[in-house]
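Examination of the molecular architecture
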Amino acid sequence: MTKKTKIGVLVSGSGTNLQSIIDNIEKGLLDADIRVIISSNPDAYALKRAKRRNIPAKIIEHEDFKKREEFDREMIDILRSYSVELVVMAGFMRILSPFFLKAFPMRIVNIHPALLPSFSGLHGQQKAFRYGVKFSGCTVHFVDEGVDTGPIIIQAVVHVRDDDTEETLAARILKEEHRIYSQAIQLYAEGKLEVVGRRVRIKGHKQIGESPLHNPPLTKF
Ligand code: GRF
């Protein structure tokens, strides 16, 4: 069995990604231990999810700290006091300072609801839908100094249907987020992620998925 990776989850909102991680740990699918949750929002529903499972949760509000670095220093202290090895951002509505990134080099991951580098920033699902793409999806990546710019670990592709609305598309993307976030954390736990420049190689992973996707499907060509 793989050693359990100690994770700290940063949240600000509903916490469905947090919930999927909790569920996959409980099902024995994910070798991780959620040591602590930090929320930047005292009203985040994610806090209720943590409480239900007796996971320690801390609230750090921006207003409490004059500078971003002071906010981040407080988070670092909490994460270190819980011996966190991997920081998992799950709907955390703040940008981390370079100071924080230095404290956890290549040990911070994030999930984004679009196929990066397209539609980075807020409301990725909505921006992709309005742009009219035929495929969208989600991306798990390591976090660097930019916004949604770090090395990509996993992406899942979702077809955009003619009868989709922003909501139906976002719901299908979210379902895939819940899968690939746990998958990425498990690959990390197994020591299978190798970062070479911008590329993340998965050790021992056989090449799959040779056939291109088409939307609409190819007919006679
Ligand atoms: C997700 O769509 C995630 O991709 C984005 O923020 C949202 C968080 O949702 N970064 P939840 O709080 O996990 O439900």
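Residues numbered from 1 in each chain as written. Predicted model: local features only at pLDDT ≥ 70, side-chain atom pairs only at ≥ 80, totals over all residues. Heavy atoms only, no water.

1. Focus on the nonpolar core
For soluble globular proteins, nonpolar side chains are generally found buried alongside one another. With 37 residues, the main nonpolar core has I7, V9, I34, V88, I153, Y181 and I185 as its most contacted residues. Of the residues forming this core, the biggest block, seven residues, is contributed by helix 6 (residues 166-189). Residues in contact with I185, not counting those within four places in the same chain, are I7, I21, L30, A32, L86 and V88. Counting 20 residues, the second-largest nonpolar core is a separate cluster that includes I60, F71, F100 and V143. (Core = buried A, V, L, I, M, F, W, Y, C linked by side-chain atoms within 4.5 Å. Buried < 20%, exposed > 50% of the residue type's maximum accessible area, 1.4 Å probe, protein only. Helix = DSSP H or I, 4+ residues; strand = E, 2+ residues; numbered from the N terminus. Contact = heavy atoms within 4.5 Å.)

2. Some details on the environment of I55
Take I55: it is sitting in the loop between helix 2 (45-52) and strand 3 (57-59). Among the residues examined, I55 registers a relative accessible area of 13% and is labelled buried. For the pair I55 and P42, spaced 13 residues apart in the sequence, the C-alpha separation amounts to 16 Å. Here I55 is in contact with I22, I34, V36, I37 and A50, once residues within four sequence places are set aside.

3. Observations regarding helix 6
Note: α-helices contain 3.6 residues per turn, so residues at a spacing of three or four share the same orientation. Compared with an ideal rise of 1.5 Å per residue, which puts 24 residues at 34 Å, helix 6 spans 34 Å between its outermost C-alpha atoms and is within 8% of the ideal. One or two positions beyond helix 6, positive phi appears at G191, with a value near 70°. (Expected span 1.5 Å × (residues − 1).)

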